[in-house]
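# Structural characterization, general
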Amino acid sequence: MALMIKGIPAAPGIALGNAVLYVPNNTAEICPETQKKIGPEQVEEELRRVREAVAKASDELKDIGSQVSKKAGKEAAEIFFAQEMMVNDPSLLESITKNITERFLPAEQSCYLACLEMAETMEQIPDEYFKQRANDLRDIGKRLVRCLKGIPETSLDSLEDGSVLVAPDLAPSDTASLDPSKVKGIVLDHGGKTGHTAILARSLGIPAVVGTIQATSSICAGDLVAVDGESGEVLVRPDESLVSEVRKRAEAYEKERQRLEKLRDLPSVTVDGRRVETSANIGSPKDVPLVLRAGAEGVGLFRTEFLFIDRDAMPGEEEQFAAYREVLERLSPRPVVIRTLDIGGDKEIPYLNLPAEDNPFLGVRAIRLCLKEKELFKTQLRALLRASRYGNLKIMFPMIATVDELREAKRILGEVRRDLEREGHEITGFEVGIMVEIPAAALCADVLARECDFFSIGTNDLVQYTMAADRGNPELGSLSDPFHPAVLRLIERTIKSGHEAGIWVGMCGEMAGIPEAVPLLVGMGIDELSMAPGSVPRCKEIVRKLDLKRAREVKEAVMKMTDAKEIRAYLLNFVSKL
Ligand code: PEP
Ligand code: MG
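Residues numbered from 1 in each chain as written. Chains lettered and ligands numbered in written order. Predicted model: local features only at pLDDT ≥ 70, side-chain atom pairs only at ≥ 80, totals over all residues. Heavy atoms only, no water.

### As for the site of ligand 1
Where we set the bar: Here a residue is considered near a molecule or strand provided that any single heavy atom belonging to it is located within 4 Å of it. Here a polar contact means two N or O atoms within 3.5 Å. Within protein one must be a hydrogen donor candidate and the other an acceptor candidate, and residues neighboring in sequence count only if both atoms are side-chain atoms. For the area figures, the Shrake-Rupley method with a 1.4 Å probe applies, and any residue is considered shielded solely by the protein chains shown. Numbering of helices and strands starts at the N terminus; helices are DSSP runs of H or I of at least 4 residues and strands are runs of E of at least 2. Following the grouping adopted for this structure description, the nonpolar residues are Ala, Val, Leu, Ile, Met, Phe, Trp, Tyr, Cys and Pro, the charged ones are Asp, Glu, Lys and Arg, and the polar ones are all others, Gly among them.
Surrounding ligand 1, one finds 17 residues, the nearest of these being His 196, Arg 303, Arg 339, Asn 460 and Arg 471. One of the side-chain nitrogen or oxygen atoms of Glu 437 is found 2.9 Å away from an oxygen atom of ligand 1. The contact in question runs from an oxygen atom of ligand 1 to an N or O atom on the side chain of Arg 471, over 2.7 Å. Alone, ligand 1 offers 290 Å² of accessible surface; in the complex the protein occludes 100% of this. Looking at the shell around ligand 1, the element that brings in the most residues is helix α17 (residues 459-467), giving three residues. Looking at the shell around ligand 1 residue by residue, the classes come out as four nonpolar, five polar and eight charged.

Written as structure tokens, this is what we have:
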């Protein structure tokens, strides 16, 4: 019998494929939290289970090491061979054994805690080598628990062609490593529309439905699954007639995509001549072909933190310089807004060993971290300024809440510039702007506008902070709505304050790529809209069909409304008639 699961549509497109269930090795779910004790009669059995798990983990690590060695060379494989030695280290086995025989802890907890405690001791040593080994030990702890629980290891690298990936959740680093030619669709239990996993799925062009709550418990490995990333519907084990219906919808979607692609080189100007730049959001130089294919007029947001995830060590100045230069050069003379690091929130970088926070989205994130970790920040600024002469660079600081933060970031930028000039580097003109994504910044936009060259409104965070609704929590879908009047007032105020100070105002949050938002934002006077590359053709077509006078009337009508649902319905109706 077919089953229909409803979730949050997160990346458009329709996919049909066989389910692969993925349990990330790093989820908290596999880590024991209970303080359960065993009886003395269970000690022998638990010790035997540990011996088996160690042997299994050791075999797995040897296997991964030899596979990686073949694919990526000996150096890359070294980490797994080192872990294989660590899992057999007698002192580790001694602490696990003590946890069982003296503390009477079950095997899972004994292994996990032994690794964690050793990792914490190593971390006290102020040396990068020991920090890395501490990370290895944490990984080993999780691997041993997984082996004890009999959960098989799934590797995202070995997914078959035509898979639909079904998982409780995916870290942005997992999503970034997916191969869109193999993974046809993504279905997750958790996550929201503006979480970074959804954003990456859109960039990669993989249809995705998130926040289904029950996907992993209702879908079995190998089930045929249809994912509709527009409606948020997931059909499990559809019969013949449903499959042919899904295929028809997929064909219609593809036809529309091709029609829009033909129009991609037309300029993004309203019928009465108002230019609204339509740009794309990217996360790496690999995305440049997507920008060009979409007909985007520039890059409105390059999320540089994606260069830092899915790896074991930080990219240095040269590597960053090469990435920024490549994007600027290949897109020149188009403008490219490169955002400085926005680490924190749902974007963790394990090798930076940052302390855990109770509320990471309200913590030391983005510019707050960069102003604390000045070397990290300066390395990036050096790479950016050195790349300035290869294209049309605009540097953007994320999560600015106060004018002091902006001044301090600019002061450091000036310092870096002077150092580079002393070293003989040529630096050409560039703009400096900020993201307006914290309500404090939107409310004081007039003050901030006097000290920078542009604003880009980040609605993903602006909505989450205005509505006090976690952007990754599917239960809060109706609150996480950019069309809420409170959010719209902040957006309107930001655009007005920017224009009064004579600077341009764009938007790079996900709202910019929602077709029905376009008339409203154009009516408010937005200068640039930046979105997932796949959304550019459709939004550009809407700009081209708009008349500025009419868009202003739409804005006036919407700003009198009191409810997000009513606003959306009104705008959808308006767009459908264009
Ligand atoms: C935003 O908050 O809207 C934004 C574009 O930044 P990010 O999604 O990377 O937090
Ligand atoms: Mg943000």
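### Topic: the nonpolar core
The condition is simple: Take the buried Ala, Val, Leu, Ile, Met, Phe, Trp, Tyr and Cys residues and link them wherever side-chain atoms come within 4.5 Å; each set so joined is a nonpolar core. Under the scheme applied here, a residue whose accessible area is under 20% of the maximum for its type counts as buried, over 50% as exposed, and between as partly exposed, the area being computed with a 1.4 Å probe on protein chains only. We call two residues in contact when some of their heavy atoms are within 4.5 Å.
In this structure, Phe 397, Phe 455 and Ile 491 are the most contacted members of the largest nonpolar core, which totals 109 residues. Not counting residues up to four positions away in its chain, the partners in contact with Phe 397 are Thr 340, Ile 367, Phe 377, Leu 381, Leu 406, Ala 409, Lys 410, Leu 413, Val 432, Gly 433, Ile 434 and Met 435. Counting 24 residues, the second largest nonpolar core, distinct from the first, contains Val 54, Leu 61, Ala 107 and Leu 137.

### Brief notes about the sheet that holds strand β8 (residues 233-236)
Here is the rule: For two strands to be treated as a pair, DSSP must find no fewer than two bridges joining them. All axes here are fitted lines through C-alpha atoms, helices being fitted over the stretch that makes contact, and every angle between N-to-C directions spans 0 to 180 degrees.
A sheet is described by the order of its strands in space; here eight strands give the open sequence β1-β8-β7-β3-β4-β5-β6-β2, paired in mixed fashion. With partners counted over all chains shown, the strands left at the sheet margins are β1 (3-6) and β2 (8-11), one partner each. The average undirected angle you get between the axes of adjacent strands in this sheet is 30 degrees. Direction of pairing for strand β4 (residues 163-167) relative to strand β5 (residues 183-188): parallel, over a ladder of five bridges. Bridge pairing in β5 links Ala 167 to Leu 188. On the sheet, helix α7 (residues 196-204) packs against β2, β5 and β6 (208-210) and is oriented at approximately 50 degrees with respect to β2. Packing against the sheet, helix α9 (residues 240-262) makes contact with β3 (14-21), β7 (224-228) and β8, and its axis sits at approximately 120 degrees to β3.

### Some remarks on the coordination of the magnesium ion (ligand 2)
For the record, the criterion: Note on donors: an N, O or S atom is included if it sits within 2.8 Å of the metal, or within 3.2 Å for Na, K and Ca, and water is never included, so sites can look incomplete.
Those protein atoms acting as donors to the magnesium ion (ligand 2) are Glu 437 (OE) and Asp 461 (OD), and they sit at 2.0 to 2.1 Å. Highlighted residues: Glu 437 in the loop between β13 (431-436) and α15 (439-443) and Asp 461 in helix α17, separated in sequence by 24 residues. The class of Glu 437 is buried, set by a relative accessible area of 2%.

### Description of the domain arrangement of the protein chain
Filter applied, for reference: Note that the domain bounds were set by an automatic or database domain assignment.
In terms of domains, the protein chain is made up of domain 1 (3-24 + 155-241), domain 2 (26-149) and domain 3 (277-577). If you average the C-alpha positions of domain 2 and of domain 3, the two centres end up 41 Å apart. Across the contact, six residues belong to domain 2 and four residues belong to domain 3. Among the elements that line the side of domain 2 that touches domain 3, the one with the most residues is helix α5 (residues 128-149), at four residues. Each residue belonging to the side of domain 2 that touches domain 3 can be placed in one class, and the counts come to one nonpolar, two polar and three charged.

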